[in-house]
Amino acid sequence: MTTYYFSDLNSGRLVVGCDIHMFVEVKYSFGDNNKWINFDHHTKNPYFDEYRDTPEFDVIELHDVRNYLAFEQLCGVRAYTESPSISPPRGVPIDISAFVKQHIESWNIDGHSHSFVTLEEIRIYRANLKDLSFDGLKYIHEALELRAIEYFLTPEGVDPKNIRIVFFFDN
């Protein structure tokens, strides 16, 4: 990933750009057990057999556009407006899927502001937005709604408490 720099409007200093890493998880129920499982799309890595420590599959990000307004609205990262956030960073969920946990751990100290939000929380947040010109979560919300329908099969079958994004940032 390319590192971009931009000028901070308040101080005029150059600042390293910030990117989000986002994973979709759904709560899978079997018997009396509930478990969060990864529900990302993947693509075969063409370099898998050629380079050491190269994963066989790469995650296709739910939404990989650098959108500081969305970062701010998710958890207050790169807050340059007065827009409220869903919550401050909550950390890595204790019931995270093994796949996502492994990916987060691979970033070591280069990952920061780990958090998660459910589809339900995003729906409530966007429903209460007063000024839709400050809707940084629009595209993330739309992509997550589509992913929910893929898993739950119908829009009516979606349980918004049982699908979430787990995310963190890097500079």
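Counting starts from 1 at the beginning of each chain's written sequence and moves along it residue by residue. In view of the model being predicted, local features appear only for residues whose pLDDT reaches at least 70, and side-chain atom pairs are presented and counted only at 80 or more, with totals across whole chains, interfaces and linings using the full set of residues. Think of the side-chain values as coming from all heavy atoms in the structure, minus any hydrogens and water.

*Asks:* Would you explain the packing of aromatic side chains in this entry?
*Replies:* For any two aromatic rings, the description comes down to two numbers: the centre-to-centre distance and the angle of the planes. Within 6.5 Å between ring centres, the rings of Phe, Tyr and Trp (the latter by its six-membered ring) count as paired, and their orientation is classed by plane angle as stacked under 30 degrees, edge-to-face over 60, tilted in between. Inspection of the entire model under this criterion finds eight aromatic pairs. Here Phe39 and Tyr151 contribute two aromatic rings whose centre-to-centre distance is 5.1 Å and whose plane-to-plane angle is 80°, an arrangement assigned as edge-to-face. Of this pair, Phe39 sits in the loop between β4 (33-38) and β5 (41-44) while Tyr151 is found in helix α4 (residues 138-152), placing the two residues 112 residues apart along the sequence. Between Phe167 and Phe169 the ring centres are 5.9 Å apart and the planes differ by 80°, which places this aromatic pair in the edge-to-face class. An identical accessibility class is assigned to Phe167 and Phe169; each is buried. In this structure an aromatic cluster arises from ring pairing among Tyr68, Phe71, Phe167 and Phe169. Lysine NZ or arginine CZ positioned within 6 Å of the ring centre and within 35 degrees of the ring normal marks a charge as sitting over the ring. Between the NZ or CZ atom of Arg90 and the centre of the ring of Phe116, over which it lies, the distance is 5.3 Å. Stacked on the ring of Phe116, the Lys or Arg Arg164 has its end atom at 5.5 Å from the ring centre. Put simply, DSSP marks the helices as runs of H or I at least four residues long and the strands as runs of E at least two long, and each gets a number from the N terminus on. The buried label goes to any residue with under 20% of its type's maximum accessible area, the exposed label to any with over 50%, and the partly exposed label to all in between, with areas taken from a 1.4 Å probe on protein chains only.

*Asks:* What am I meant to see in helix α3 (residues 119-127) here?
*Replies:* Structural remark: α-helix, 3.6 residues per turn; residues separated by three or four positions point the same way. Every buried residue of α3 is listed here: Leu119, Ile122, Tyr125 and Arg126. Viewed along the axis of α3, the buried residues span an arc of 125°, placing them on a single side of the element. For this quantity, the arc is that covered by the directions from the helix axis to the C-beta atoms.

*Asks:* Help me understand the environment of Asp131, please; the structure alone is not making it clear to me.
*Replies:* With respect to the secondary-structure elements, Asp131 resides in the loop between α3 and α4. By relative accessible area, which is 38% here, Asp131 ends up partly exposed. Between the C-alpha atom of Asp131 and that of Ser83, which follows or precedes it by 48 residues, the distance is 9.8 Å.

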